[in-house]
Amino acid sequence: MDLTYTPEEEEFRARLREWLDKTLPSLPPPPSPADWPARRAYDLGWQRMLHDAGYGEVHWDASPTVRLIFLEETENAGAPYVGAGFVGLLHAGPTIAAEGTPEQRARWLPPILRGEEVWCQGFSEPGAGSDLAALRTRAWRDGDDYVVSGSKIWTSHAEVADWCELLVRTDPAAPKHRGITWLALSMDTPGVTVRPLRTLAGSAEFAEVFLDEARVPAANRVGEENDGWRVSMVTLSFERGTAFVGEVVACRRTLRALAAEARDNGRWDDPALRRRLGRLNAEFRALWRLTQWNVSAGAPGTSGSIFKLRFSRARQELYDAAADVLGPDALDLGRPWVLDRLSSLSYTIAAGTSQIQRNIVAERVLGLPKGP
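Please read these numbers as outputs of a predicted model, since none were measured by experiment. Along each chain, residues carry numbers from 1 onward, in the same order as the chain's sequence is written. Given that this is a predicted model, residues contribute local features only at a pLDDT of at least 70 and side-chain atom pairs are listed and counted only at 80 or more, while totals for whole chains, interfaces and linings are drawn from all residues. Neither water nor hydrogens contribute to the side-chain values; these are computed over all heavy atoms in the structure.

### Topic: the environment of Phe 210
Tracing the sequence through the fold places Phe 210 in strand β7 (residues 206-217). The buried label goes to any residue with under 20% of its type's maximum accessible area, the exposed label to any with over 50%, and the partly exposed label to all in between, with areas taken from a 1.4 Å probe on protein chains only. When its relative accessible area of 30% is taken as the criterion, Phe 210 is described as partly exposed. In the structure, Phe 210 is positioned 136 residues away from Thr 74 in sequence and 37 Å away in space, judged by C-alpha atoms. The criterion used for residue contact is that any of the two residues' heavy atoms lie within 4.5 Å. Beyond its immediate stretch of four places on either side in the chain, Phe 210 contacts Gly 150, Ser 151, Gly 191, Val 192, Thr 193 and Arg 195. Starting at the N terminus, helices and strands are each numbered in turn, a helix being any DSSP run of H or I of at least four residues and a strand any DSSP run of E of at least two.

### Notes on the packing of aromatic side chains
For Phe, Tyr and Trp, where Trp contributes only its six-membered ring, two rings pair if their centres lie within 6.5 Å, and the inter-plane angle classes them as stacked under 30 degrees, edge-to-face over 60, or tilted in between. Per the counting criterion, the structure on display carries 10 aromatic pairs. A centroid spacing of 5.9 Å and a plane angle of 70° characterise the contact between Phe 12 and Tyr 55, whose relative ring orientation is edge-to-face. With Phe 12 in helix α1 (residues 7-23) and Tyr 55 in the loop between α2 (36-52) and α3 (58-61), this pair connects stretches of sequence that are 43 residues apart. Ring centres 5.5 Å apart and planes at 70° place the aromatic pair Trp 108 and Trp 163 in the edge-to-face group. Of the two residues, Trp 108 sits in helix α6 (residues 102-113) while Trp 163 sits in strand β4 (residues 163-169), which places them 55 residues apart along the sequence. We classify Trp 108 as buried; its relative accessible area is 2%.

### Digging into helix α12 (residues 354-365)
The terminal C-alpha atoms of α12, which comprises 12 residues, lie 15 Å apart, in line with the 16 Å expected from a rise of 1.5 Å per residue. Within α12, the full set of buried residues consists of Ser 354, Gln 357, Ile 360, Val 361 and Ala 362. Just downstream of α12, Gly 367 is the residue with a positive phi angle, here 75°. Multiplying 1.5 Å by the helix residue count minus one yields the expected span of that helix.

### Looking at the pattern of salt bridges
By salt bridge we mean one thing: a side-chain nitrogen of Lys or Arg within 4 Å of a carboxyl oxygen of Asp or Glu. Overall, the coordinates contain 26 salt bridges when judged by the stated rule. Notably, a salt bridge pairs Arg 253 with Glu 75, separated by 3.0 Å at the nearest N-O pair. Taken together, the positions of Arg 253 in helix α8 (residues 245-265) and Glu 75 in helix α4 (residues 64-76) put the pair 178 residues apart, joining distant regions of the chain. By relative accessible area, Arg 253 is classed as partly exposed at 31%. One salt bridge in this structure joins Glu 224 and Arg 221, with 4.0 Å as the shortest N-O distance. Of the residues examined, Glu 224 reaches a relative accessible area of 53% and is grouped as exposed. Connected through salt bridges with shared partners, the residues Glu 10, Arg 13, Arg 17, Glu 72 and Glu 73 form a single ionic network.

### Let's talk about the nonpolar core
Counting 42 residues, the largest nonpolar core has Phe 12, Tyr 55, Phe 70, Phe 284, Phe 311 and Leu 318 as the members making the most contacts within it. When residues of this core are traced back to their parent elements, those giving at least two are α1, α2, α4, α8, α9 (271-297) and α10 (302-326). Examining the composition of this core, we find that 10 residues originate from one element, α10, more than from any other. Judged by nonpolar contacts, the second largest core, of 27 residues, contains Leu 89, Leu 113, Trp 119 and Leu 236. Buried Ala, Val, Leu, Ile, Met, Phe, Trp, Tyr and Cys residues form a nonpolar core when they are joined through side-chain atoms within 4.5 Å.

### Examining the side chain of Ser 156
Within the fold, Ser 156 resides in the loop between β3 (145-152) and β4. Setting aside residues no more than four positions away along its own chain, Ser 156 makes contact with Val 87, Trp 119, Cys 120, Gln 121, Glu 205 and Phe 206.

### What to know about a nonpolar patch on the surface
Residues enter a patch when their relative accessible area is above 30% and they make no salt bridge; the linking distance is 9 Å between like charges and 5 Å between nonpolar side chains (Val, Leu, Ile, Met, Phe, Trp, Tyr). Using the Shrake-Rupley algorithm and a 1.4 Å probe, accessible areas are obtained, with residue cover drawn only from the displayed protein chains. On the surface, Ile 306, Val 365, Leu 366 and Leu 368 cluster together to form a nonpolar patch covering roughly 350 Å² of accessible area. In this fold, Val 365 is placed in helix α12. On the basis of relative accessible area, Val 365 is assigned to the partly exposed category, the value being 41%.

### Some details on the pairing of strand β2 (residues 138-142)
Residues in a regular strand point their side chains to alternate faces of the sheet. Two strands are counted as paired when DSSP detects at least two bridges linking them. The pairing of β2 with β3 spans 5 bridges and is classified as antiparallel. Paired with Arg 138 across the bridge in β3 is Ser 149. Connecting the antiparallel pair β2 and β3 is a turn made up of 2 residues, with Gly 143 showing a positive phi of about 65°.

### Section: unusual backbone geometry
The phi dihedral of Trp 154 falls on the positive side, at around 55°, and the residue is not glycine. As for its position among the elements, Trp 154 is in the loop between β3 and β4. Positive phi, normally seen in glycine, also occurs at Asn 226, with a value near 70°. Structurally, the position occupied by Asn 226 is in the loop between β8 (221-222) and α7 (228-240).

Interpretation note: all reported values are geometric properties and have no functional meaning in isolation.
What follows is the structure in structure tokens.
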């Protein structure tokens, strides 16, 4: 894999930097983290600006190197994060692009890219998180529709979403990995109830979703009936590999800021802290190289699990180091990095627990036998 930049790619970088320098000062202040309707409007407004400037399709249609340049430059410039557009742009959208019919791609992809529709993820259930294939939300065929009953939990952005990427069980008699189907559910469907959940950090980007005989057109099925496990693995490979690209850049930027803070407050004199920050610098440099590999691979597969396993732990270590740099101020929720430290605790659970990632690496990379 050649990681050098061509003159055309460097020209793209320069043009993007110029546009960011001109555009970012004109943005209004970001809304309160607790105001999700306002955050939806803000995040979709940013996506619309990217689209109108010709950058809206970079996530999907550009070359891997151009995508990396885009993500690196926007993060380093402090541009808005995808936010409420996360699931649509980085999970559901790529899955539909890879697995959907031409009609499905034409219906769902342009509104995501134009910043018009938000998607949420309806995978986990109260009894099916790490063991996702144990899901019990039931769907049965009734004419041209599937009728869905059950519940989901940790449904990202459900309270402001237009659509949900939904995993359902369509054949309860089949082995648990083979009776699952991937559906696109309109969130205004009768029978859908959303109840927000508040996190340790005080935000409410997750929700419970209850489905009481909600009807989903069979035309909204992505992939074949009972082939949803395979389709969901496409989704999760994007989530575990390429969806965290911007966060790797953000962590490297945070590390530089931590070093500057330590120099200002005298903590830099501690050689143990300097070694700690130096090791983290090497860690994130290596993760950036793995990120480049994953993006170049398209759907990253098992390398996405390798990345997710190490990144989730490295991010926790980064914000533990931030608490060391801040000292007593690490208890002040108004200080930089404190809320990030709280959110980092979820990373060894979200998008597949570290235990699950270790199993995937052991079985599919190292060739070890499955446990009993």
